[in-house]
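Residue-level listing of the chains:
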Amino acid sequence: MNGESKVLSLDEHSPVSDDKIAILDAGAQYGKVIDRKVRELYVDSQILPLDTPAFLLKERKFKAIIISGGPNSVYASDAPVYDSELFSCGLPILGICYGMQMMNKEFDGTVEKKEVREDGQFNITVDTECKIFQGLSNEESVLLTHGDSIDTVAKGFKVIAKSGHLVAGIADESKQLYGVQFHPEVDLTENGQNMIKNFLYNVAGCSGTYTINSRETDCINEIRRVVGDLKVLVLVSGGVDSTVCAALLHKALDDEQVIAVHIDNGFMRKNETQKVAESLNKLGLKLRVVNASHTFYNATTTITTDKSDPKVKRVTKTLITTAHPEEKRKIIGDTFMKIAEIGRASCRERV
C-alpha cells in the first residue's frame, strides 16, 4: 500500500454482476460522469476510494479498473494514497489524467510541471493500432485540463497519443495498462465514448449484460435479502431518488411491510404533494401524507451562539419570523427529523 488505507466503502454483501468495473476516485470532478458513461455502455460500475486494496477488487471479481483524474500532483506530500498492488494484480486499468500520471510514476517514469498548460479542446494524434483507439481516426479532438505532464515515459510503456510535443497517452499492452492525459468521459472528447467502449470490450472483455431490467432485479433481490420480514419506513420527498426507492420497495416487499410517508412542510410547489401521492398510488403504493405546514411555520430550534463553547445556546425565533438563512436551514432540518422520528415510532408500533 502506497501509504495507509483510510476509507473503504465496498460492501461485502453488495451484489457484483459478471461485468462490473471499479472506478477509483482520485478526487475527480468528472467521477460520476465516468460512472454514467460506463453504464450507458451496458457495463455495471462502482465508484470506490482510490485507496481500495487490490486484493478486495480481485476478491469481489471486478473485471477492470478505471482510475479517475484529480487535482493533485503525484509528487505532492498530500497526494492521494493508493495500493501499488493495483498495477500488478492482473486487472486491466485505464488511468485518466491524474490516473495516467500515477501509473507512469509507479513504473519509474517522471512527471513535471511544464511551462505550457493545456486547458480546453485540442486535436491530438493517436496510435490506432492501440486497442483503445481501434476504429478511430489518427487525429482526435479531446478535452485536456492539466499543468503537469509526463516527462519520461515509464519503462515498458509506449506513447500512444501526443498533443504537439506533449505525451497524451501511454500503454503497456502486455500488462493491459493504459493511460490518457485527456478526459474520454466528457462530450468535448468527441469519440471518448468509443475509447471507453474499446477499453471495456476489447481490453477488459466485458459482454454488456448490464441493463435497466437486470439492475431492477438486482435491487429487488438485495432489498428482500436485507429486509427479510421486517417493515420499512421510507420518507418520500417527491424527488427522483426517494420516489424510485419507494417504488422498488413496493415491488420487492409485501404491502404491509412498506410504510411510505410524505411530509408536506408547507413550502412545496402548488399541488406537488397531491401529484406525488397520485403518482405512487398509480403504482399501488399507499402514501401517508403528513400535513405539517403549521408545525414548520411555527417551529423553533436551538443553535450554538459561541463557537468556542458549544454549551452556550439560544432558542431561535419561529421559522416564519426568521430572516437568517442558516437559522432557517437548521429549523427546517431539525423539525423534519422530529416529525420523521414520530413516523419511525409509529412504524415500530406496527411491527
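Calculation rules
- Residues numbered from 1 in each chain as written.
- Predicted model: local features only at pLDDT ≥ 70, side-chain atom pairs only at ≥ 80, totals over all residues.
- Heavy atoms only, no water.
- Pairing = 2+ DSSP bridges.
- Helix = DSSP H or I, 4+ residues; strand = E, 2+ residues; numbered from the N terminus.
- Axes fitted to C-alpha atoms, helices over the stretch in contact; angles between N-to-C directions.
- Contact = heavy atoms within 4.5 Å.
- pLDDT = per-residue confidence, 0-100.
- Parallel < 35°, antiparallel > 145°, perpendicular 65-115°, else oblique.
- Left-handed = near helix turned anticlockwise from the far one by under 90°.
- Nonpolar A, V, L, I, M, F, W, Y, C, P; charged D, E, K, R; others polar.
- Polar contact = N/O pair within 3.5 Å; in protein donor to acceptor, adjacent residues only side chain to side chain.

## So, the sheet that holds strand S7 (residues 158-163)
- Within the open sheet, the 9 strands sit side by side as S2-S1-S3-S4-S9-S8-S7-S5-S6. Their pairing is mixed. Looking at strand neighbours, the two that pair on one side only are strand S2 (44-49) and strand S6 (139-152), the edges of this open sheet. Across the sheet, the mean angle separating the axes of adjacent strands is 25° when strand polarity is ignored.
- Relative to S2, strand S1 (residues 20-25) runs parallel, the two sharing 6 bridges. Bridged to Ile21 within S2 is Ser45.
- Along the sheet face, helix H3 (residues 98-106) touches strand S3 (64-67), strand S4 (93-96), strand S5 (110-126), S6, strand S8 (166-172) and strand S9 (177-180) and points at about 115° away from the line of S4.

## Structural notes on the confidence of the model for the protein
- Mean pLDDT over the protein works out to 89, with 93% of the residues at or above the 70 mark.
- Considering only residues more than four positions removed or in separate chains, one finds that residues 3-10, a stretch of pLDDT under 50, has 19 contacts.
- Within the model, the stretch residues 12-16 combines pLDDT values under 50 with 10 contacts to residues more than four positions away or in other chains.

## With respect to the packing of helix H1 (residues 31-40) against helix H4 (residues 192-203)
- Two elements in contact, H1 and H4, have axes whose closest approach is 10 Å; the angle formed by their N-to-C orientations is 65°. Here H4 runs roughly perpendicular to H1, going by the angle between their axes. Viewed along their axes, H1 and H4 form a crossing whose handedness is right-handed. Side by side, H1 and H4 meet where Lys37, Val38 and Glu40 of the first sit next to Gln193, Ile196 and Leu200 of the second.
- Here the contact of H1 with H4 is composed, by residue class, of 3 nonpolar, 1 polar and 2 charged.

## Here we look at the side chain of Asn104
- On the secondary structure map, Asn104 appears in helix H3.
- A distance of 3.3 Å separates a polar side-chain atom of Asn104 from the backbone oxygen of Thr110.
- Setting aside anything within four residues of it in sequence, one finds Asn104 in contact with Gly109, Thr110, Val111, Ile150, Thr152, Val153, Ala154 and Ile170.

## As for the sheet that holds strand S11 (residues 258-264)
- Taking strand neighbours across the sheet as the criterion, the 3 strands line up as S10-S11-S12 in an open arrangement whose pairing is parallel. Strands with a single pairing partner mark the edges of an open sheet, and in this sheet they are strand S10 (232-235) and strand S12 (287-291). For this sheet, the mean angle separating the axes of adjacent strands, direction not counted, is 25°.
- As paired strands, S11 and S12 are joined by 5 bridges and run parallel to one another. Paired with Asp264 across the strands is Asn291, a residue of S12.
- Here helix H7 (residues 272-282) sits on the sheet and contacts S11 and S12; the angle it forms with S12, its principal contact strand, is near 165°.

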